[in-house]
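Fold and geometry: a report
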Amino acid sequence: MKHIYDVIIIGGGPGGYSAALYASRAGLDTLVIEKFSVGGQMTLTDVIDNYPGFEEGTDGISLGFKMQQSAERFGAKTEYDEVVGVSLAGEIKTVTSVSAEYKSKTVIIATGANPRELGIEKETELVGRGVHYCAHCDGRFYKDKTVVVVGGGNSAVEDALYLSRLAKKVWLVHRRDELRATKIYRDSLLKADNVEIIWNSRVTQLRSDKRLNGVQVENILNAEITDIVCDGVFVSIGRKPASELFKGQVEIDENGYIIADESGKTNVEGVFAVGDVRTKALRQVVTAVSDGATAAHFAEEYIIRN
Ligand code: NAP
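1. Examining the sheet that holds strand β11 (residues 195–198)
With parallel pairing, 5 strands are arranged side by side in an open sheet as β8-β15-β9-β10-β11. Each edge of the sheet is formed by a strand with only one pairing partner; in this case those strands are β8 (131–132) and β11.

Okay, structure coming up:
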């Protein structure tokens, strides 16, 4: 007969491994299924300085690895595998991956979010050839070059600052006349003398030969067009929840977030959602970690009750 886990956690980011830590420490038979590498979106961040306990800050890759080790210390297992389907109704849930089928009494969805795209022509074909979604991963290719960052939130400004330390020139293109980013980021940006902000504007075209060599920017207020010669563009306009797999299985809101309250409970018994993939006010490492602990607690309660 097929092995039945107590808890299967889909996604090995901070929400996933915090759930794994709490579940395995409570004696539950726990499996984390991670597609690529542990740490989730944390691995895209150079320095995390708003997660308590690290007086000098820490990098996302190390923190992800430590979170995995903390959970595995209590017996949680990790499978590196891509989940391609789920069947979540009923007492025993099925999680299907490219190579196996897993069974569990409960499922905790911790799939996080993926970068939002501009949705303009040539964007997909130029990915990795001038179009990027992670400054901390790919910024090193742009030493002494010219780059464009798109967006006005904390990520865009953080990316622009990071790139300003590598690139010769950084253009920040934002569609409004004020940044959404918090004051600490805005103040630092003002001090970076190789960063210039293009307000009220959007990138409308990507220019390329074999790779990207410029962008066309349109002013939203007066339709004026400007061409910027650049070597790379970093799209930093937010994220979209990785909830595609769960459509039709659990309730999802109009923005694609899985509807779950502070307990992590979805509308399906024994199924929980934690971290950036669920409806919530603040998407941070610290709130994902908190979600994971709470969901594991309620998963345990559900298992005892059934
Ligand atoms: P965000 O806060 O949602 O900001 C997205 C930005 O992209 C906004 O400025 C938005 O413009 C712009 N935008 C959205 N769609 C666009 C489009 N199609 N074309 C052009 N611009 C577009 O996303 P984020 O910056 O990725 O941050 C996500 C979450 O992580 C936030 O809660 C943020 O605070 C958090 N975060 C925290 C830190 C930190 O504390 N260290 C660092 C990074 C991120 P509008 O302003 O006009 O809407």
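2. With respect to the nonpolar core
Core analysis: the largest hydrophobic core is formed by 27 residues, its most contacted members being Ile 9, Met 67, Ile 108 and Val 285. Going through the elements one at a time, β1 (4–10), α1 (14–25), α2 (60–72) and α6 (285–305) are the ones with two or more residues in this core. Looking at this core, the element that brings in the most residues is α6, giving 7 residues. Among the nonpolar cores identified, the runner-up in size contains 20 residues, and Leu 31, Ile 33, Val 86 and Tyr 102 belong to it.

3. Description of the packing of helix α4 (residues 154–164) against helix α5 (residues 183–191)
For any two helices packed against each other, one specifies the crossing angle of their axes together with the interaxial distance. Running from N to C, α4 and α5 point in directions that differ by 30°, and their axes come no closer than 10 Å. In terms of axis orientation, α4 runs roughly parallel to α5. Our pair here, α4 against α5, has a crossing hand that is left-handed. Packed against α4, whose contacting residues are Asn 154, Val 157, Glu 158, Ala 160 and Leu 161, the element α5 presents Tyr 185, Ser 188 and Leu 189 at the interface. Split by residue class, the contact of α4 with α5 holds 5 nonpolar, 2 polar and 1 charged.

4. Quick look at the packing of aromatic side chains
One pass over the full model with this rule turns up 2 aromatic pairs. Between Tyr 51 and Phe 54, the ring centres sit 6.2 Å apart and the planes meet at 35°, which makes this aromatic pair tilted. Consider the rings of Tyr 142 and Phe 234, whose centres lie 5.5 Å apart with planes at 85°: the pair is edge-to-face. Separated by 92 residues along the polypeptide, Tyr 142 in the loop between α3 (135–138) and β9 (146–150) and Phe 234 in strand β15 (residues 232–235) bring together distant segments of the chain. No difference in accessibility class separates Tyr 142 from Phe 234, as the two residues are buried.

5. Overview of α1
Relative to the 16 Å expected for 12 residues at 1.5 Å per residue, α1 spans 16 Å between its end C-alpha atoms, a close match to the ideal helical length. Among the 12 residues of α1, 9 are classified as buried, and the element is accordingly described as predominantly covered. Within α1, the full set of buried residues consists of Pro 14, Gly 15, Gly 16, Tyr 17, Ser 18, Ala 19, Ala 20, Ala 23 and Ser 24. Where the residues of α1 are buried, they touch β1, β2 (30–34), α2, β3 (77–80), β6 (101–109) and α6.

6. Digging into the site of the ligand
Around the ligand there are 17 residues in total, and Asn 154, Ser 155, Arg 176, Arg 180 and Tyr 185 lie nearest to it. Within the side chain of Arg 175, a nitrogen or oxygen atom sits 2.9 Å from an oxygen atom of the ligand. The contact in question runs from an oxygen atom of the ligand to an N or O atom on the side chain of Arg 176, over 2.7 Å. Sort the elements by how many residues they give to the shell around the ligand and α4 lands first, with 3 residues. The residue inventory of the shell around the ligand, partitioned by class, reads 2 nonpolar, 9 polar and 6 charged. Both of domain 1 (4–114 + 239–305) and domain 2 (117–235) provide at least three residues apiece to the shell around the ligand.

7. Remarks on the sheet that holds strand β14 (residues 225–229)
The strand order across the open sheet built from 3 strands is β12-β13-β14, with neighbouring strands paired in antiparallel fashion. Only two strands of the sheet have a single neighbouring strand rather than two, namely β12 (201–208) and β14. On average, each strand axis in the sheet is inclined to that of its neighbour by 25°, with strand direction left out of account. With 5 bridges joining them, strand β13 (residues 212–219) and β14 adopt antiparallel strand pairing. Bridge pairing in β14 links Gln 216 to Asp 227.

8. Notes on the layout of surface pockets
Within this model, the second largest pocket holds a volume of roughly 180 Å³. Classifying every residue of the lining of the second largest pocket by side-chain character gives 5 nonpolar, 3 polar and 4 charged.

9. A short note on the domain arrangement of the chain
According to the domain assignment, the chain consists of domain 1 (4–114 + 239–305) and domain 2 (117–235). Each of domain 1 and domain 2 was reduced to a C-alpha centroid, and the two centroids are 32 Å apart. On the domain 2 side, the residues contacting the 6 residues of domain 1 number 7 residues. Summed over both partners, the interface of domain 1 with domain 2 buries about 450 Å², with 47% contributed by carbon and sulfur atoms. Scanning the region where domain 1 abuts domain 2 turns up 1 salt bridge. One salt bridge connects Glu 117 with Lys 240, and the closest N-O pair in it is separated by 3.7 Å. Where domain 1 touches domain 2, the interface holds 0 residue pairs in polar contact (both at pLDDT 80 or more). In terms of residue class, the side of domain 1 that touches domain 2 is built from 2 nonpolar, 1 polar and 3 charged.

So, how was this worked out
- Residues numbered from 1 in each chain as written.
- Predicted model: local features only at pLDDT ≥ 70, side-chain atom pairs only at ≥ 80, totals over all residues.
- Heavy atoms only, no water.
- Pairing = 2+ DSSP bridges.
- Helix = DSSP H or I, 4+ residues; strand = E, 2+ residues; numbered from the N terminus.
- Core = buried A, V, L, I, M, F, W, Y, C linked by side-chain atoms within 4.5 Å.
- Buried < 20%, exposed > 50% of the residue type's maximum accessible area, 1.4 Å probe, protein only.
- Axes fitted to C-alpha atoms, helices over the stretch in contact; angles between N-to-C directions.
- Parallel < 35°, antiparallel > 145°, perpendicular 65-115°, else oblique.
- Left-handed = near helix turned anticlockwise from the far one by under 90°.
- Contact = heavy atoms within 4.5 Å.
- Nonpolar A, V, L, I, M, F, W, Y, C, P; charged D, E, K, R; others polar.
- Phe/Tyr/Trp six-rings, centres within 6.5 Å; stacked < 30°, edge-to-face > 60°.
- Expected span 1.5 Å × (residues − 1).
- Near = heavy atom within 4 Å.
- Polar contact = N/O pair within 3.5 Å; in protein donor to acceptor, adjacent residues only side chain to side chain.
- Domains from an automatic or database assignment.
- 1 Å grid on protein atoms, 1.4 Å probe; cavity = no way out; pocket = protein on both sides within 12 Å on 5 of 7 lines; lining within 4 Å.
- Points joined across faces, edges and corners; volume = space filled by probe spheres on them.
- Buried area = accessible area lost by both parts, 1.4 Å probe.
- Salt bridge = Lys/Arg side-chain N within 4 Å of Asp/Glu carboxyl O.

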